[in-house]
Protein chains: 2
Amino acid sequence: MFWLRRSAQWLGQRQQRSMGAFRMPMMDPKLEDYSLVDVEEVRRFIRDCLKRISVPESKLRCISEFLVAADYRGIYGSGLNQLDLYLNDLRHRRADMDAEPEIIRETIASAHVNGNNALGVIVGNFCMDLAVKKANNSGVGFVVANQSNHFGIASWYVLQALDHGYAGLVMSNGAPMMVPPRSKVSSIGANCLAFGARGRDSYFMLDMAASMKDIGSIEWALTKDEYIPHSWAADESGYSTSFPMLAMRNPRLASAGAHKGYCLAAMIDLLCGVLSGANFSTQIPPWKSNVQSKSPNLGQIFFAIDPDFFVPDFLERLDDFNECIKNSCPVKAENPIQLPGELEMRHMHLVEKLGGLPYHKGLLKKYRSIASRYSVRPIQLFSKDD
Amino acid sequence: MFWLRRSAQWLGQRQQRSMGAFRMPMMDPKLEDYSLVDVEEVRRFIRDCLKRISVPESKLRCISEFLVAADYRGIYGSGLNQLDLYLNDLRHRRADMDAEPEIIRETIASAHVNGNNALGVIVGNFCMDLAVKKANNSGVGFVVANQSNHFGIASWYVLQALDHGYAGLVMSNGAPMMVPPRSKVSSIGANCLAFGARGRDSYFMLDMAASMKDIGSIEWALTKDEYIPHSWAADESGYSTSFPMLAMRNPRLASAGAHKGYCLAAMIDLLCGVLSGANFSTQIPPWKSNVQSKSPNLGQIFFAIDPDFFVPDFLERLDDFNECIKNSCPVKAENPIQLPGELEMRHMHLVEKLGGLPYHKGLLKKYRSIASRYSVRPIQLFSKDD
């Protein structure tokens, strides 16, 4: 089978062994809506599209890996689904395909990085790598980046820390698309936060937006031609809507837990935007606006912690913690309590079982249109003879 | 007037000047239910109670200051209201009044502290002080403590970082009193998170629990003899309740934003409990349990960031950020958008205007019973001639 990161491989092996104890039923999608695609074929498709707009050869792997990783983890809204967004950003020079991030200032434990408007994933990989190196020396590494771009799923960078046996905390601000309580308009991003750590037989991976749902999930519902719950977003006139199309036009997402989600988003914006010297709040250009050609100048923070510095038996302690939560009495035995990251892990197992990525017909249609727009060979479905 | 911290003084002066721009209407409590008490008198009362159980003279000021600070900020549930809890903990040796925290291990940017079961506020002050010193050297300071106790409002320690011009992030785990989604029982604490930073003319101070409301707010409703909203907590049989008395018995708080609040609480528990070597989740003895005499062995993290290391104009940028949020179009002009910490700031101004702390008659009744139990002079109400 294929593996996206060493940590994923490690987790898969471990998790499979403890599957009995964890009782994770495999998720079964409605099979008639899905078609299997070989992971290598998805990578090929992404690389072909990127080559068409002259992205340097050295960056193809890095971009294709992180998009495939989101799909592999089942977060389809932030995976290949966003390829269009990245291609547009690169074509319109909102992101610079040749740029490399650089360190502005650093100490033994912290650094300030200028992303130089490189692609978000390039900045993210660079910064988490730096944070891990710093944590190596001083127990913790804290890196703040500005002049960055949309960087996909935040858990991708946390996994990078997990690869080195560290715990990771990653945050990013984003275009204003969340409505603070008492407000009529979106004035803050549905900023994201990811935190993860690994134990000996289990892991913990929280990846959340401060809104009820992120824009990717709404776009994903649109792709699947489904309604969304009324609590997710409002339309342009401020009324909650169940039509993803209306929710996507000038997005007004509801914050999670009313003022708590908004306060958390403000904290993330303060750390990522204000502290880094990047744009924040309404300074960030609107999402997917085609009229503007300004770079978003997003800010991000990357925090790596070496657990061994604090406790010698962190791996066992994390397993115990996960057991504590899992074993707390569920309302229905058939609906066990879920740990953050468990749903994603279950999807990864499903992909392995199926031998390829199950793509929804709505997504495949979108990819065919991308293929014809960029004149590349469309994604080929998995054939049983492969 | 009196001031609790340099930062409070600083903030009061600045905020008063910009009051016009911020349009903060003074909060008016129902005056017939409240009586004014001089701050010095509250301090005297706390000190007298603590002396009765032989708390060392050197610690009296530190404890009384942090309890008064919560009331001054209007967080009555976590202020003097909790004196009873601290006195009980000290009497039953669940906290050690003579203990001092000590450093187990440290690098230039991080430290692991053993709280030695000292009072939470002693551990908290020590750790934030250490984090600030470390941030001085390396831009950031990260301190993790175990063997600690309940430490009151987390924003107290963040204010300590603000005093030095730093941004602060503080988290603590607590006794399991929050119900994860799909679970019947409380298996995780309503763990708290506070983050703050200051600008030139405004400040930002988020202090939140991962539950819809913390247990202090429910206790505060009980004291005021009020109902609570159905969304806050469930009773012992698992049904949501509007009676604070039922919600307090074996607490089952609802998490904020359903699974997001629970995931956040789990992240905090992982950082504070698992990483520090303290108790976590259901290992922590139940809240206010009188049968047990075990120390809770709580864990806490303290993170100080020097904003000057990252951007030279952080103060102005923070003011701009706050303006951005405040100026986003409110639904009703008379209900402007509130920043985290604004409600507390408004209460501080009210206290200054009144010249004393307005205590609810329910609280004063509770204090009279404490006074008679510990044979100290009851709290004297403010007289106009003072």
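Residues numbered from 1 in each chain as written. Chains lettered and ligands numbered in written order. Predicted model: local features only at pLDDT ≥ 70, side-chain atom pairs only at ≥ 80, totals over all residues. Heavy atoms only, no water.

Draft legend 1. Here's a closer look at the relation of the copies chain B and chain A. The two copies are related by a screw motion: chain B maps onto chain A through a turn of 180 degrees and a shift of 0.0 Å along the axis, at an RMSD of 0.0 Å. Seen this way, the second copy is the image of the first under a two-fold rotation axis. Minimal C-alpha distance to the rotation axis in chain B is attained by Gly257(B), lying at 1.9 Å. The share of interface residues of chain B whose copies in chain A are also at the interface is 100%, consistent with both copies meeting through the same surface. (Least-squares fit on C-alpha atoms with pLDDT ≥ 70 in both. Contact = heavy atoms within 4.5 Å.)

Draft legend 2. Inspection of the interface of chain B and chain A at higher detail. Opposite the 76 residues of chain B that make contact, chain A presents 76 residues. Around 6400 Å² of area is buried between chain B and chain A when both sides are counted, 74% of it from carbon and sulfur atoms. In this structure, the connection of chain B to chain A is made through zero salt bridges. For the interface between chain B and chain A, the tally reads 34 residue pairs in polar contact (both at pLDDT 80 or more). Ranked by residue count, the leading element in the side of chain B that touches chain A is helix H10 (residues 259–274) of chain B, at 11 residues. In terms of residue class, the side of chain B that touches chain A is built from 49 nonpolar, 18 polar and nine charged. (Buried area = accessible area lost by both parts, 1.4 Å probe. Salt bridge = Lys/Arg side-chain N within 4 Å of Asp/Glu carboxyl O. Polar contact = N/O pair within 3.5 Å; in protein donor to acceptor, adjacent residues only side chain to side chain. Helix = DSSP H or I, 4+ residues; strand = E, 2+ residues; numbered from the N terminus. Nonpolar A, V, L, I, M, F, W, Y, C, P; charged D, E, K, R; others polar.)

Draft legend 3. Just the nonpolar core, in detail. By size, the foremost hydrophobic cluster in this structure holds 113 residues, and its most contacted members are Phe142(A), Met267(A), Phe142(B) and Met267(B). Ignoring anything within four residues of it in the chain, the contact list for Phe142(B) reads Val140(A), Phe303(A), Ile305(A), Phe310(A), Ala109(B), Ser110(B), Ala111(B), Leu275(B), Ile301(B), Phe302(B) and Phe303(B). (Core = buried A, V, L, I, M, F, W, Y, C linked by side-chain atoms within 4.5 Å. Buried < 20%, exposed > 50% of the residue type's maximum accessible area, 1.4 Å probe, protein only.)

Draft legend 4. View of the environment of Leu271(B). Within the secondary structure, Leu271(B) is located in helix H10. Residue classification places Leu271(B) among the buried positions, given a relative accessible area of 4%. Along the chain, Leu271(B) and Ser172(B) lie 99 residues apart, while their C-alpha atoms are 8.7 Å from each other. Those residues within four positions of Leu271(B) in sequence are excluded, and the remaining contacts are Phe195(A), Ile305(A), Met171(B), Ser276(B) and Ile301(B).

Draft legend 5. Inspection of the packing of helix H6 (residues 120–138) of chain A against helix H7 (residues 155–163) of chain A at higher detail. All names here are of chain A. In the contact formed by H6 and H7, the axes pass within 10 Å of each other and the chain directions differ by 30 degrees. As summarised for this structure, H6 and H7 are arranged roughly parallel, according to the angle between their axes. The handedness of the crossing between H6 and H7 is right-handed. For the pair formed by H6 and H7, the contact residues are Gly-120, Val-121, Gly-124, Asn-125, Met-128, Asp-129 and Val-132 on the first element and Trp-156, Tyr-157, Val-158, Gln-160 and Ala-161 on the second. (Axes fitted to C-alpha atoms, helices over the stretch in contact; angles between N-to-C directions. Parallel < 35°, antiparallel > 145°, perpendicular 65-115°, else oblique. Left-handed = near helix turned anticlockwise from the far one by under 90°.)

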